[in-house]
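Tertiary structure, described
Okay, here's what each chain looks like letter by letter:
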Amino acid sequence: MNFVPLLKRLASAGKRRLLSNIRPRDILLKSWTSAAKKANQLREEERYNEALKILVKHARRASDLPDLGKMARRILSTVIAKKSDRRNEITSRIEAELLPIFERAYKRNNRKTAFLLSYLHVLVALESWTRAYEVATKTEIGSSGHKDIPSLWGLIDRGLFEQSLAAEDFDTAAACLKRLSKTPEDYKAHRKFAVRLAWAAVVKAHGMGRSHARPAALLNPEVFQEFVIKNASGRSILGNLDSELLQLLSETQKPRAARAGFAQDRKLRVLLVSNDNWHFVRPAVGYFEQHGLEVRYLSFSQCRDAIVAQRKKDSSKPSLNEMMFGLGAYQVSVEEANEAFTQAAPWARDLIDWCDVVFVEWWNAPAIWFSRYLSPEKSLVIRCHSYEAFSPVTHFTNMRRVDGAVFIADHIRQIFNAVYSDLPVSEQTQVVISNIRSRDHLLKVEKQGDVSFTLGMMQYANINKDPLFALDILEKLVLTDDRWTLNLIGNGWDETESDEERKVSRLSRHVVIEPFTKDTAAWHKRIGFVLSASHREGSHESVMDGMVTGSVPVIRRWPMVKDFGAPESAFPGVPAFDTPQEAADYILKSRNSFDEMSRHSRKLALAIYDPKIAGAELATFVTECARQGLDP
C-alpha cells in the first residue's frame, strides 16, 4: 500500500487545524511587536522617514492598534525635542499618510474604542486639539476602561486649554480647566488662566478688542477722544470691568508697612532700574551725585531673561506675567515672588538690598513688579514719560506703594490721573520735572547760510508724528515761493506705500529725506523752522533741541492732548496752531524777521529749560521720598 498520499492528506489536514487555532490578529500583533522594535530603533537613530514607513505599512493592515498612534507621537516628540529642522517634513507626512488611514478606519468601524485610540494618538501628535476634543466627546471615550483614556483626555484638555487661551476663547479654556484634576500642574494652568483673563479684561476696558502685543488703544486718537468724553461725564475705564474682577484689582492696592529708614551717616543709595532704555536718565546721574546721592544701575531686561531661563528649568516657579498680573487667589505672594527673583537673579537681589531708593525709569514692567514686591524698607520712585499714561499695563500698579511719581510734563500728569482714576493715585506724591539733557553741544551750532526757507522734522515715519500735517504746511508755502523745502530725518517708512509717501512724491522737488543719524547738531545747522506736527507728545525733545540752535518752533496744538493744556504746558510762550494754514501764515510772518525770531527762540529755550534746575529738583524729590513715612 502506498502510504505517501495518505500521509500528505493527514499532514495537510493537521496544518489546517493548527492554523484554524491561530487568529490573524495574533499574527499581526506578533508582526507589529517586532516591527515596533525596529521603528523605535530607527527613531533613536533619527531615521524618521524609515520609521514612518513601517508605521504606514502596519496601519494599513491593522489600524486598530493604539501603539501605532503612540509611535507616531513618539517620533514627532523626538523631532521636536531635538529641535530638528525636519519637524515640518515629518508633521506633513504623518498628516498626509497616517491620519487618513486612522480616520477612515475609525469611521468605518462604528467608532470602536481601539480604532478611536489610534486616531486620537495621531491627532494629539499633530496638536489638532479642537478635532481631538470633538472626536473624544462624540465617542464618549470616558466610558471606556482603556488605560490610555485618562492620559489622552489630560493631553487633549491641556492642549485645547493653551490653544483657547492664546485665542482668548476664555469660555472654552474655562471648560477645559473644570475637567483637569487638582494637581500642582493644573493649579499653574488655573493661575495662568486667571492672569490672562485679568489682563484681557483690562485691555478690553481700555478700548481694545484683543490683548495681543500692539500699541495701547488709548494711543489711537479716536479711542482717546471717546475716553475724554466719557471721563468728562464721570465714567471711568475700569467701570467696564466685571465687579468681581474690579474688586480683585482693587485688592492689589496695599499700603507699605512702617519702616525704620536708612542710615543717616552715609550717602543716600539710589538704584536706577530700566528695561535698558537709559537715554533720558543717564544725564540725571551727575546731578544726583552732586547732591550727595550714590547711584547704581539695574537692567530689568536681564532680570526678565533670568526669570524666563529659571522657569524653563523649573516650571513650578512663577512667570514674570504671573507676578505682575496675578489677582486674588492666583496672585503670587511677596515671599514666592522674592524667592523666585533671588534665585533667578542673585546679582539683582544684591543691588536691591544695597539701595535705599529704587528709581524706575519708565512706568512699565519693572514699575509694576517693584510696586508689588519691593521691601517696605525701600522707597519707590517711578518716572512716567508719555506712552505709559495711556497703557493698560499701568493699571496693575500698586499705587499705594509708590512713594513718588515724576512726570515730564503737566498734561501727561493730568492724563495719568484721569486714566487711572479708579486706583488710589495720590497727587500729593506727584511732581512735574522736565527731562534732563545736556544741550551744550547744540549751543555752539551756527546756521549755515540762509535757512529761512527750510523746514525740518525728525522721526517723520512714526504715524503719531503725522507728517501729512507737515506736508500740508509745505504745500501751502510752496504756493507762495518755490524756494521752500522740508527736510525729513530719521528711520523711513515701511515697504507699504503710504499716503505720506504719495504726497512726498508730488512735492519731491521740495522734500529732502535723510537717514537716521546721531549727529543731529549737523542737521540743525541747515534748519530754519523746526516742526512738531504730532497728534500727541510729552516733551517734544527735538523741537527744544532746534530752539536751542536758533530754529523757530512751529508747534501744532497736539489734538489728542490739547484738552489737558498741551502743548502750552510744555512750551510756555510758544504759539501753537490748529491748522496747516495757521502754521503757514505764522512761518511766512516769522520769515520776514527771521534773525530776530531765531535769537528769541534760543533765548526762550534757555528760559524754559535749565538742566541744572531740573537736576536739582529731581535729586531733592528723590531724597524727600526716601524720608517720607520714616519712624521718628
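Everything that follows concerns the structure shown earlier in this document.
Cut-offs applied
Residues numbered from 1 in each chain as written. Predicted model: local features only at pLDDT ≥ 70, side-chain atom pairs only at ≥ 80, totals over all residues. Heavy atoms only, no water. Buried < 20%, exposed > 50% of the residue type's maximum accessible area, 1.4 Å probe, protein only. Helix = DSSP H or I, 4+ residues; strand = E, 2+ residues; numbered from the N terminus. Pairing = 2+ DSSP bridges. Right-handed = clockwise from strand over helix to strand, strands pointing away. Phe/Tyr/Trp six-rings, centres within 6.5 Å; stacked < 30°, edge-to-face > 60°. Expected span 1.5 Å × (residues − 1). Arc of directions from axis to C-beta. Contact = heavy atoms within 4.5 Å. Core = buried A, V, L, I, M, F, W, Y, C linked by side-chain atoms within 4.5 Å. Axes fitted to C-alpha atoms, helices over the stretch in contact; angles between N-to-C directions. Salt bridge = Lys/Arg side-chain N within 4 Å of Asp/Glu carboxyl O. Polar contact = N/O pair within 3.5 Å; in protein donor to acceptor, adjacent residues only side chain to side chain. Parallel < 35°, antiparallel > 145°, perpendicular 65-115°, else oblique. Left-handed = near helix turned anticlockwise from the far one by under 90°.

A few points about the pairing of strand β10 (residues 529-532)
Burial along β10 is two-sided: Phe529 and Leu531 facing one way and Val530 and Ser532 facing the other are all buried. Sheet topology places strand β7 (residues 454-458) next to β10; 2 bridges connect them, and they run parallel. Paired with Leu455 across the two strands is Phe529, which belongs to β10. Bridge count between β10 and strand β11 (residues 552-556): 4 bridges; the pairing is parallel. Residue Ser532 lies in a different strand from β11, and its bridge partner there is Ile555. In this fold, β10 hands off to helix α24 (residues 541-548), which returns the chain to β11; that crossover is right-handed.

Quick notes on the packing of aromatic side chains
By the definition in use, this model includes 26 aromatic pairs. Taken together, a centroid distance of 5.0 Å and an interplanar angle of 20° make the contact between Trp199 and Phe325 stacked. Taken as a pair, Trp199 in helix α10 (residues 184-205) and Phe325 in helix α15 (residues 320-325) lie far apart in primary sequence, 126 residues in all. There is no split in this pair, since Trp199 and Phe325 are both buried.

Description of helix α25 (residues 580-591)
Here α25 contains 12 residues, and its C-alpha end-to-end distance of 16 Å stays within 8% of the 16 Å for a straight helix at 1.5 Å per residue. Those residues of α25 not exposed but buried are Pro580, Ala583, Ala584, Tyr586, Ile587 and Ser590. When α25 is viewed along its axis, its buried side chains cluster within an angular range of 160° and face the same direction. Among the structural elements, β7, α21 (467-478), β10, β11, β12 (576-577) and α26 (594-608) are those in contact with the buried residues of α25.

Describing the nonpolar core
One broad rule of soluble globular proteins: the nonpolar side chains tend to lie buried together. Of all hydrophobic cores here, the largest spans 90 residues; its most connected members are Phe224, Leu298, Phe300, Trp363, Phe370, Phe390 and Phe571. Of all the elements, α10 adds the most residues to this core, at 7 residues. If near-sequence neighbours (up to four positions away) are discounted, Trp363 is found in contact with Ile382, Arg383, Cys384, Glu388, Thr394, Thr397, Met399, Val402, Ala405 and Phe416. Grouped together as the second largest cluster of nonpolar side chains are 55 residues, Ala39, Ile54, Val124 and Ala189 included.

A closer look at α26
Relative to the 21 Å expected for 15 residues at 1.5 Å per residue, α26 spans 21 Å between its end C-alpha atoms, a close match to the ideal helical length. Restricting attention to buried positions, one finds in α26 the residues Phe594, Met597, Ser598, Ser601, Leu604 and Ala605. For α26, the angular spread of buried residues about the axis comes to 130°, placing them on one side. In α26, those exposed residues whose orientation departs by more than 90 degrees from the buried face are Asp595, Glu596, Arg599, Lys603 and Ala607. Those residues of α26 that are buried are in contact with β10, α24, β11 and α25.

Some points on the sheet that holds β11
Pairing in this open sheet of 6 strands is parallel, and the strands run β9-β8-β7-β10-β11-β12 from one edge to the other. Strand pairing shows two members of the sheet lacking a second neighbour, β9 (511-514) and β12, which therefore form its edges. The strands that α21 touches are β7, β8 (485-489), β9, β10 and β11; relative to β7, the one it contacts most, it runs at about 175°. Packed on one face of the sheet, α25 meets β7, β10, β11 and β12 and runs near 170° to β11.

A few points about the sheet that holds strand β4 (residues 379-384)
Pairing between the strands of a sheet comes from backbone hydrogen bonds, and it takes one of two forms, parallel or antiparallel. Strand order in the open sheet formed by 6 strands is β2-β1-β3-β4-β5-β6, with parallel pairing between adjacent strands. The sheet is open, and its two edges are formed by β2 (293-299) and β6 (430-432), each paired on a single side. Pairwise comparison of adjacent strand axes, ignoring direction, gives a mean angle of 20° for this sheet. In the sheet, strand β5 (residues 404-407) pairs with β6 via 3 bridges, with the strands oriented parallel. Considered in β6, the bridge of Phe407 is made with Val432.

Section: the pattern of salt bridges
For the structure shown, the criterion picks out 31 salt bridges. With a shortest N-O distance of 2.8 Å, Glu50 and Arg47 are connected by a salt bridge. A relative accessible area of 40% means that Glu50 is categorised as partly exposed. A salt bridge links Glu361 to Arg383, with the shortest nitrogen-to-oxygen separation between them at 2.9 Å. In this pair, Glu361 sits in strand β3 (residues 357-361) while Arg383 sits in strand β4, placing the two residues 22 residues apart along the sequence. In this pair, the class of Glu361 matches that of Arg383, namely buried.

Remarks on the side chain of Glu388
Mapped onto the elements of the fold, Glu388 is located in the loop between β4 and β5. Polar side-chain contacts of Glu388 include one of 3.0 Å to the backbone nitrogen of Trp363. Apart from residues no more than four positions distant in its own chain, Glu388 is found in contact with Trp362, Trp363, Arg383, Thr394 and Tyr420.

Some thoughts on the pairing of β2
The pairing of strand β1 (residues 268-274) with β2 spans 7 bridges and is classified as parallel. Bridging from a neighbouring strand, Leu271 pairs with Arg296 of β2. Handedness of the β-α-β unit built from β1, helix α13 (residues 282-290) and β2 comes out right-handed.

Structural notes on the packing of helix α3 (residues 48-61) against helix α4 (residues 66-81)
Two numbers describe a pair of packed helices, the interaxial angle and the distance between the axes. Where α3 contacts α4, the two axes come as close as 10 Å, and the packing angle between them is 165°. One finds that α3 runs roughly antiparallel with respect to α4. In this structure, α3 meets α4 at a crossing whose hand is left-handed. When α3 is examined against α4, the residues Tyr48, Ala51, Leu52, Leu55, His58 and Ala59 are found in contact with a partner set consisting of Leu68, Met71, Ala72, Ile75, Thr78 and Val79.

Nothing here speaks to function; it is all geometry.
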